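In case you want the letters, here they are:
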Amino acid sequence: MTTRAESAAATRRALLDAAAELLDLGGPDAVTLREVGARAGVTRGAPYRHFTGKDSLLTAVAAESWERIGDQVHALRTDPALSASEKLRGALRTLIDVAREQPHLYQVLFRRRANLPGQLGDGMDRIRRQLCGPEGDPAVADRAAERFQGEFLNIVADLVGERNARRHGALLLTSAHGIASMEISGYLDTGKWHTTVDELVDTLVRMVTDAGEMP
């Protein structure tokens, strides 16, 4: 017999899957609680019992996506068969591949929220957390993104050392983000720039590897 908790978990899973599908198909504008509920095949009121609104739903989707990305980068970092440079190349490609394959999701992952935790005041922040719960709490997505960043920085540190990891890590992530954004927007024209995403990633890896080998 299915318990209430199991039923609620199954409903939430269906809602998140439906939201991710709608996001891939039509971007954030296509994601509404009504459409998500209809696609998930749940009652009209079910989405509102799990999420306070569209933003908390997309935040939950982002949190799960960052967790998956973090898992992938962790697997790369702990793979004994890969060299340090191969791990870095794989981590950069993991992020860029999300942009290539799920551009709408990628935009949600890097969206700028109007009100971040701490900007509303202690009282309003507490109310926001109570309303959103863990599913749509921005802090959950932030922690998942920070986990990815931690795994990524560990990979970078293996090449350039702990002291230089954050500086090089920031340079690598902003570069990867720029490469992904250029490709998504259509401005990374191989006919114009005479290079590809793979070649640009290889260049970044070589630059950091060379920096790590300098005395």
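Quick caveat: nothing in here was measured; it's all calculated off a predicted structure.

Here is what the cut-offs are and how they apply
- Residues numbered from 1 in each chain as written.
- Predicted model: local features only at pLDDT ≥ 70, side-chain atom pairs only at ≥ 80, totals over all residues.
- Heavy atoms only, no water.
- Helix = DSSP H or I, 4+ residues; strand = E, 2+ residues; numbered from the N terminus.
- Areas by Shrake-Rupley, 256 points an atom, 1.4 Å probe, with all protein chains shown as cover.
- Salt bridge = Lys/Arg side-chain N within 4 Å of Asp/Glu carboxyl O.
- pLDDT = per-residue confidence, 0-100.
- Contact = heavy atoms within 4.5 Å.
- Buried < 20%, exposed > 50% of the residue type's maximum accessible area, 1.4 Å probe, protein only.
- Phe/Tyr/Trp six-rings, centres within 6.5 Å; stacked < 30°, edge-to-face > 60°.
- Patch = residues over 30% accessible without salt bridge, like charges linked within 9 Å, V, L, I, M, F, W, Y side chains within 5 Å.
- Axes fitted to C-alpha atoms, helices over the stretch in contact; angles between N-to-C directions.
- Parallel < 35°, antiparallel > 145°, perpendicular 65-115°, else oblique.
- Left-handed = near helix turned anticlockwise from the far one by under 90°.
- Nonpolar A, V, L, I, M, F, W, Y, C, P; charged D, E, K, R; others polar.

Enquirer: Looking at this structure, I do not really get the overall build of the chain. What am I missing?
Expert: Per the secondary structure count, the chain includes 11 helices and zero strands. Element order for the chain, N to C, with α for helix and β for strand: α-α-α-α-α-α-α-α-α-α-α. Summed over its atoms, the accessible surface of the chain is roughly 12200 Å², and 52% of this surface lies on carbon and sulfur atoms.

Enquirer: Is there a simple way to explain the pattern of salt bridges in this structure?
Expert: Per the counting criterion, the structure on display carries 11 salt bridges. Of the charged contacts in the structure, one is a salt bridge between R13 and E64, with a shortest N-O distance of 2.8 Å. Placement of R13 in helix 1 (residues 4-26) and of E64 in helix 4 (residues 54-77) is noted, with a sequence separation of 51 residues between them. Each member of the salt-bridge network shares a partner with another, and the members are R13, D17 and E64.

Enquirer: When you look at the confidence of the model for the chain in this model, what are you seeing that I'm missing?
Expert: Fine structural detail should not be taken from predicted coordinates in areas where pLDDT scores are low. Averaged over all residues, the pLDDT of the chain is 87; the fraction at 70 or higher stands at 87%. Here residues 114-134 is a poorly scored stretch, pLDDT under 50, and it has 20 contacts once near neighbours within four places are set aside; other chains count.

Enquirer: Any chance you could explain the environment of S181 here in plain terms?
Expert: Inspection of the secondary structure puts S181 in helix 9 (residues 162-185). According to the relative accessible area criterion, S181 is partly exposed, its value standing at 31%. Taking the C-alpha atoms as reference points, S181 and Q107, 74 residues apart in sequence, are found 9.3 Å from one another.

Enquirer: So what exactly am I meant to see when it comes to the packing of aromatic side chains here?
Expert: Counted according to the given criterion, the structure contains four aromatic pairs. Ring geometry for W66 and F110: centres 5.6 Å apart, planes at 75°, overall edge-to-face. Remark: F110 occurs in the loop between helix 6 (103-109) and helix 7 (122-136) and W66 occurs in helix 4; sequence separation between them is 44 residues. Assessed through its relative accessible area of 6%, W66 is described here as buried.

Enquirer: How should I be thinking about the environment of A18 in this particular structure?
Expert: Within the secondary structure layout, A18 lies in helix 1. Spatially, the C-alpha atom of A18 lies 5.6 Å from that of A40, the residues being 22 residues apart in sequence. Apart from the residues within four sequence positions on either side, A18 is in contact with V36, R39 and A40.

Enquirer: Would you take a moment to explain a nonpolar patch on the surface for this structure?
Expert: Together, M182, Y187 and W193 line one region of the surface with nonpolar side chains, adding up to about 350 Å² of accessible area. With respect to the element layout, W193 can be found in helix 10 (residues 190-193). A relative accessible area of 45% places W193 in the partly exposed class.

Enquirer: Help me understand the packing of helix 5 (residues 84-101) against helix 8 (residues 138-160) in this model?
Expert: Pairs of packed helices are described in terms of their axes, by the angle between the two and the distance that separates them. Between helix 5 and helix 8, the shortest axis-to-axis distance is 9 Å and the interhelical angle comes to 150°. For the element pair helix 5 / helix 8, the angle class is roughly antiparallel. Between helix 5 and helix 8 lies a crossing whose hand is left-handed. The segment helix 5 lies against helix 8, with A84, S85, K87, L88, A91, L92 and L95 engaging F148, F152, I155, V156, D158 and L159. Classifying every residue of the contact of helix 5 with helix 8 gives 10 nonpolar, one polar and two charged.

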